[in-house]
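# Fold and contact review
Take a look at the letters that make up each chain.
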Number of protein chains: 2
Amino acid sequence: MSNIRKIAKAAGVSIATVSRYLNGTEHVSDEVKLKIQKVIEEVNYKPNALARAVFTKNSKTIGLMVPNISNPFFNQMSSVIEENANNNGYNILLCNTDDDIEKEKKYLDVLQSHRVAGIVVARSKCKEEYGNIDIPIISFENHISDEIITVSSDNYSGGKIAFEHLYESGCRRILHIKGPKCFEATEERYRGFLDAAKEKNLEIDFIEFETDFQVEMLKENIEKLKRINKYDGIFVFNDIAAATVMKFLKMNNTKIPKDIQIIGFDNSFICELLHPSLTTINQPIQELGKATIEILIKLINNEKIPIKDYLMEVKLINRGTTIL
Amino acid sequence: MSNIRKIAKAAGVSIATVSRYLNGTEHVSDEVKLKIQKVIEEVNYKPNALARAVFTKNSKTIGLMVPNISNPFFNQMSSVIEENANNNGYNILLCNTDDDIEKEKKYLDVLQSHRVAGIVVARSKCKEEYGNIDIPIISFENHISDEIITVSSDNYSGGKIAFEHLYESGCRRILHIKGPKCFEATEERYRGFLDAAKEKNLEIDFIEFETDFQVEMLKENIEKLKRINKYDGIFVFNDIAAATVMKFLKMNNTKIPKDIQIIGFDNSFICELLHPSLTTINQPIQELGKATIEILIKLINNEKIPIKDYLMEVKLINRGTTIL
DNA sequence: TTGAAAGCGCTAACAA
DNA sequence: TTGTTAGCGCTTTCAA
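Residues numbered from 1 in each chain as written. Chains lettered and ligands numbered in written order. Predicted model: local features only at pLDDT ≥ 70, side-chain atom pairs only at ≥ 80, totals over all residues. Heavy atoms only, no water.

### Things to note about the overall build of chain A
Heads up, the rule is: Secondary structure counts use DSSP, requiring at least four H or I residues in a row for a helix and at least two E residues in a row for a strand, with both numbered from the N terminus. The criterion used for residue contact is that any of the two residues' heavy atoms lie within 4.5 Å. Accessibility throughout is a Shrake-Rupley quantity obtained with a 1.4 Å probe, and a residue counts as covered only by protein chains that appear here. His is not counted, nor are the chain ends; Lys and Arg add positive charge and Asp and Glu add negative charge. Where a charge lies is defined by one atom per residue type, namely NZ (Lys), CZ (Arg), CG (Asp) and CD (Glu).
Check the secondary structure of chain A and you find 12 helices and 12 strands. With the C-alpha coordinates aligned to their principal axes, the bounding extent of chain A is approximately 85 × 40 × 30 Å. Restricting the contact set of chain A to residue pairs at least 6 apart, pairs at least 24 apart contribute 69%. Carbon and sulfur atoms form 49% of the exposed surface of chain A, whose accessible area is close to 14200 Å². Each charge class in chain A was averaged separately, 42 positive and 45 negative side chains, and the resulting centres sit 4 Å apart.

Shown next, in the form of structure tokens:
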């Protein structure tokens, strides 16, 4: 690949002039402009963004850490993040942590080395590691420390809404299938669900899944699901797990929603593909991604913004797995 | 963020020594090592990968261009790519093209500017634009030019296998729901399916979907699906579209596989979640991703390898939507 | 409007 | 084993 010196030489000007042409920082005469333009096109020159970043200390890159890009919720969110980052002139360095603390640490080093302008980390497992990092950070879905902004759906309210809908739909023997204890988001859903049930003086039973997404989800949890027929309403911590539960019920000829009503969480594309369509709690993924990047960019630009939780509103999407 | 000069000064050594310590290129005395180590930890110094890349001309970054990371097949493949790249010390710069030629062009410039070591582009829409790029490239799923290696599943054979299974399962009134004309992969599936049908002297009907994945897939194509009840076997170009078809059939109380048998393509996680489970053609996603990165890295390391198609074997996954 | 030169943070050749 | 120095490709100050 060519460099600015060769371009300058070929165009018969100084490198400073080429730089000015490239960045449009100062006026360059039309005559010189044309000459430079011609050379650049001839050799297909692209200015070295790395060298530029070394000098300007602005890599125009955002590090995105997610559990895994193949996880349906996080890949949707990554898509929105990418879009918004791109619209603001930022590129994405992709990191899959696999919910593994060591991988996250390793990638954290990589992102610092690459001098990313900002970091979005979804469902972080680290705490102190973020203490002495001088790069703006947004934590998605859970809390790292008091100094780091969290962006998240209002999972607690989501849990409440789920309960209320089940209750109003006539369910009284209710089960909650909850996510792994280490996930803040699903713990909040659980908490909201439980609190809403308490208000109605209703006891809730629980089953816990060990992961939020995996191909073998049914197989892994089939033992736990054996006795769910005695309930008339189930709130599942996400849509994929809800689909797994539905599959189990169908295999046992249980009628949904007649025998058992179900509510999922996320409103992912799978909801409409299931039969009946899955009633769920919508996470406003567009707003979530947009807010995350907007706040991060403000942080990058040294704007002062309140360090607090940014909680996005969720809502019920009423479909076929509930009666009401 | 600190820099090598400050570290050297604080440790009382030269920057060359610090550099040698960082890279382990030459021996550094234990005493000096300890001093440097201490300073580095104190200030949480991370060597600037950008500056390093400017000099070494090796960014250790791979540009990954996919239609969209939220597309179930491509996010799975991205996950495998990331894993393999990471195992080889490479990071991923993520680019969503949205199947948009202008976005792809723009990102191609970005990747060149960032001096990525190599590029993986899935389902490229550009041709000439790749002509004068001096970065190793692997094209995933379709052909760009004679100089660029293509890695792909054997989609043609997949189509054939799908037909044969439907035929052996007794289907004689067969429909193929094909993907958009512009997708090489689905065109190959179509071609294989058609050729296999010809061998049995069977006429096949066709419906074409405009996209391979979107949330509103059923709504968009509902008119086209109105007359599919007259068939006894359907091969759908991918699993998500197959799920859409199944949903339509269930809404009309058509029994699967009794009335209509269905085969999808990809073997994505959704297959096991559907009821009945979807018979499909497996794409060996692990092998695909592994091969892609292995070949790309050979290219990066200037190893000579044949410029040809690398076609990975597909196979039938027999589940509940077919009788046999 | 342009050029010379210094410097961003790093590596590596050369010398000691 | 270590230090000095040139140079990677770029931006920006200063002077013309």
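What follows picks up the thread again.
### What about the pattern of salt bridges?
Residues and elements named next belong to chain A. Where we set the bar: Any carboxyl oxygen of Asp or Glu within 4 Å of a side-chain nitrogen of Lys or Arg constitutes a salt bridge here. Remark: exposure states derive from per-residue accessible area (1.4 Å probe, protein chains only) relative to the maximum for the residue type, with buried under 20%, exposed over 50%, and partly exposed in between.
Within the structure shown, the criterion is met by 39 salt bridges over all chains. Of the charged contacts in the structure, one is a salt bridge between lysine 103 and aspartate 98, with a shortest N-O distance of 2.6 Å. Among the ionic pairs, lysine 105 bridges to glutamate 102, the shortest N-O distance being 3.7 Å. Of the two residues, lysine 105 and glutamate 102 both sit in helix H6 (residues 101-113), 3 residues apart, roughly one turn of that helix. According to the relative accessible area criterion, lysine 105 is partly exposed, its value standing at 30%. Each of Lys178, Lys181, Glu187 and Glu208 takes part in salt bridges that share partners, so that together they form one network.

### Quick notes on the sheet that holds strand E7 (residues 204-208) of chain B
Residues and elements named next belong to chain B. Here is the rule we go by: Paired strands are those between which DSSP finds at least two bridges. Lines are fitted to the C-alpha atoms to define the axes, a helix being fitted only along its stretch in contact, and any angle between axes, read from their N-to-C directions, falls within 0 to 180 degrees.
If you trace the 4 strands from one edge of the open sheet to the other, you get E7-E6-E8-E9, paired in parallel fashion. Looking along the sheet, the strands with just one partner apiece sit at the ends: E7 and strand E9 (261-263). Adjacent strand axes in the sheet meet at a mean angle of 20 degrees when their direction is disregarded. With 3 bridges joining them, strand E8 (residues 233-236) and E9 adopt parallel strand pairing. If you follow phenylalanine 235 over to E9, its bridge partner there is isoleucine 263. The sheet contacts of helix H7 (residues 155-168) involve strand E6 (174-178), E7, E8 and E9, and relative to E8 the element is tilted by about 165 degrees.

### A closer look at the protein's contact with DNA strand D
The cut-off we apply is this: Proximity criterion: a residue is near a molecule or strand once any of its heavy atoms comes within 4 Å of it. Two N or O atoms form a polar contact when they lie within 3.5 Å of each other; inside protein one atom must be a possible hydrogen donor and the other a possible acceptor, and for residues adjacent in sequence the pair counts only when both atoms belong to side chains. When residue character is reported, Ala, Val, Leu, Ile, Met, Phe, Trp, Tyr, Cys and Pro are called nonpolar, Asp, Glu, Lys and Arg charged, and the others, Gly included, polar.
Neighbouring residues of DNA strand D: 26 residues in total, closest Ile4, Tyr45 and Arg52 of chain A together with Thr17 and Ser29 of chain B. In DNA strand D, atoms within 4 Å of the protein come from the sugar-phosphate backbone in 64% of cases. In the model, a phosphate oxygen of DNA strand D is placed 3.5 Å from a nitrogen or oxygen of the arginine 5 of chain A side chain. One of the side-chain N or O atoms of threonine 17 of chain B is found 2.6 Å from a phosphate oxygen in DNA strand D. Counting residues per element, the ones that place at least two in the surface near DNA strand D are helix H1 (4-11), helix H2 (15-23) and helix H4 (49-56) of chain A together with helix H2 (15-23) and helix H4 (49-56) of chain B. Per-element tally for the surface near DNA strand D: the top contributor is H2 of chain A, with 5 residues. For the surface near DNA strand D, a count of residues per class yields 13 nonpolar, 8 polar and 5 charged.

### With respect to the domain arrangement of chain A
Residue and element names in this part refer to chain A. Heads up, the rule is: Start and end positions for the domains come from either an automated domain assignment or a database one. Here's the idea: put two parts together, see how much 1.4 Å probe accessible area each one loses, and the total over both is what we call buried area.
Its domain assignment divides chain A into domain 1 (4-47), domain 2 (61-153 + 285-312) and domain 3 (155-283). The centre of domain 2, based on its C-alpha atoms, is set 28 Å off from the matching centre of domain 3. At the junction of the two partners, domain 2 supplies 16 residues and domain 3 supplies 13 residues. Note on domain 2 versus domain 3: buried area summed over both sides is about 1200 Å², and carbon and sulfur give 46% of it.

### Here's the deal with the protein's contact with DNA strand C
In the vicinity of DNA strand C lie 26 residues, with Arg20 and His27 of chain A together with Ile4, Tyr45 and Arg52 of chain B positioned nearest. Between DNA strand C and the protein, one listed contact pairs a phosphate oxygen with a backbone N or O atom of serine 14 of chain A at 2.8 Å. If you list the elements that add at least two residues to the surface near DNA strand C, you get H2 and H4 of chain A together with helix H1 (4-11), H2 and H4 of chain B. Counting residues per element, the surface near DNA strand C draws most heavily on H2 of chain B, which supplies 5 residues. A breakdown of the residues in the surface near DNA strand C according to their chemical character gives 13 nonpolar, 8 polar and 5 charged.

### Describing the packing of aromatic side chains
Put simply, the rule is: Planes of paired rings set the category: under 30 degrees apart is stacked, over 60 is edge-to-face and the rest tilted, where pairs are Phe, Tyr or Trp rings (Trp by its six-membered ring) whose centres lie within 6.5 Å. Note on geometry: a ring has a charge over it if NZ (lysine) or CZ (arginine) is within 6 Å of the ring centre and within 35 degrees of the ring normal.
With the rule as written, the count across this model stands at 18 aromatic pairs over all chains. A ring pair is formed by tyrosine 190 of chain A and phenylalanine 206 of chain A, whose centres lie 4.9 Å apart and whose planes are at 70 degrees; its orientation type is edge-to-face. Taken together, the residues span a long stretch of sequence, with tyrosine 190 of chain A in helix H8 (residues 184-199) and phenylalanine 206 of chain A in strand E7 (residues 204-208) at a distance of 16 residues. Here the aromatic rings of phenylalanine 73 of chain B and phenylalanine 74 of chain B are separated by 5.3 Å at their centres, their planes lie at 70 degrees, and the arrangement is edge-to-face. Taking the relative accessible area as the measure of exposure, phenylalanine 74 of chain B reaches 2% and is therefore buried. Here the aromatic residues Phe163, Tyr167, Phe193, Phe235 and Phe265 of chain A are joined through ring pairs into a cluster of three or more. Above the face of the tyrosine 310 of chain A ring, lysine 308 of chain A is positioned so that its terminal group lies 4.6 Å from the ring centre. Above the plane of the ring of phenylalanine 183 of chain B lies arginine 123 of chain B, whose end atom (NZ or CZ) is 3.5 Å from the centre.

### Here's the deal with the nonpolar core
What tends to happen in soluble globular proteins is that the nonpolar side chains get buried as a cluster. In plain terms, the rule: Joining through side-chain atoms within 4.5 Å is the link that ties buried Ala, Val, Leu, Ile, Met, Phe, Trp, Tyr and Cys residues into a set, and such a set is a nonpolar core.
Ranked by size, the top nonpolar core spans 64 residues in total, and within it Met77 of chain A together with Met77 of chain B carry the most contacts. With residues up to four places along the chain from it excluded, the contact list for methionine 77 of chain A reads Leu64, Val120, Ala122, Phe140 and Ile285 of chain A. Among the nonpolar cores identified, the runner-up in size contains 60 residues, and Ile240, Ala241 and Ile260 of chain A together with Val236 of chain B belong to it.

### What to know about the relation of the copies chain A and chain B
For clarity, the threshold we go by: Copy-to-copy alignment: least squares on C-alpha atoms, limited to residues at pLDDT 70 or above in both.
For the match of chain A to chain B, the screw axis carries a shift of 0.0 Å, the RMSD comes to 0.1 Å, and the turn is 180 degrees. Taken together, the rotation and translation describe the operation of a two-fold axis. Closest approach to the rotation axis within chain A is made by the C-alpha atom of leucine 93 of chain A, at a distance of 2.3 Å. A shared binding surface is used by both copies, with 100% of the interface residues of chain A retained as interface residues in chain B.

### Focus on the UniProt feature "domain: HTH lacI-type" (unreviewed entry) in chain A
Stated precisely, the cut-off is as follows: UniProt positions are given in the numbering used here, feature names are shortened, and annotations may be inferred rather than shown by experiment.
The UniProt record annotates "domain: HTH lacI-type" (unreviewed entry) at residues 2-56 of chain A. Here residues 2-56 of chain A runs as 71% helix and 0% strand, with 21 Å between its end C-alpha atoms.

### Here's the deal with the sheet that holds strand E2 (residues 91-96) of chain A
Pairing in this open sheet of 12 strands is mixed, and the strands run E11(A)-E5(A)-E4(A)-E3(A)-E1(A)-E2(A)-E2(B)-E1(B)-E3(B)-E4(B)-E5(B)-E11(B) from one edge to the other. Every other strand in the sheet has two partners, leaving strand E11 (309-312) of chain A together with strand E11 (309-312) of chain B as the edge strands with one partner each. With strand direction ignored, the average angle separating the axes of adjacent strands in the sheet is 20 degrees. Of the pairings in the sheet, the one linking strand E3 (residues 118-122) of chain A to strand E4 (residues 137-140) of chain A comprises 4 bridges and is parallel in character. Bridging from a neighbouring strand, valine 120 of chain A pairs with isoleucine 138 of chain A of E4 of chain A.

### Considering the interface of chain A and chain B
Often, the extent of an interface is quoted as the loss of accessible area upon association of its parts. Taken together, the contact between chain A and chain B spans 56 residues of the former and 56 residues of the latter. Of the roughly 5200 Å² buried where chain A meets chain B, counting both sides, 56% is carbon and sulfur surface. Broken down residue by residue, the surface that chain A buries against chain B is led by Leu50, Arg115 and Phe269 of chain A, which jointly contribute 14%. Taken together, chain A and chain B are joined by 2 salt bridges.

### Focus: unusual backbone geometry
Residues and elements named next belong to chain B. The omega angle of the peptide bond from isoleucine 256 to proline 257 is 5 degrees, so this bond is cis rather than trans. With an omega dihedral of 0 degrees, the bond running from histidine 275 to proline 276 counts as a cis peptide bond. One non-glycine residue, lysine 57, adopts positive backbone phi at about 55 degrees. Tracing the sequence through the fold places lysine 57 in the loop between H4 and strand E1 (61-66).

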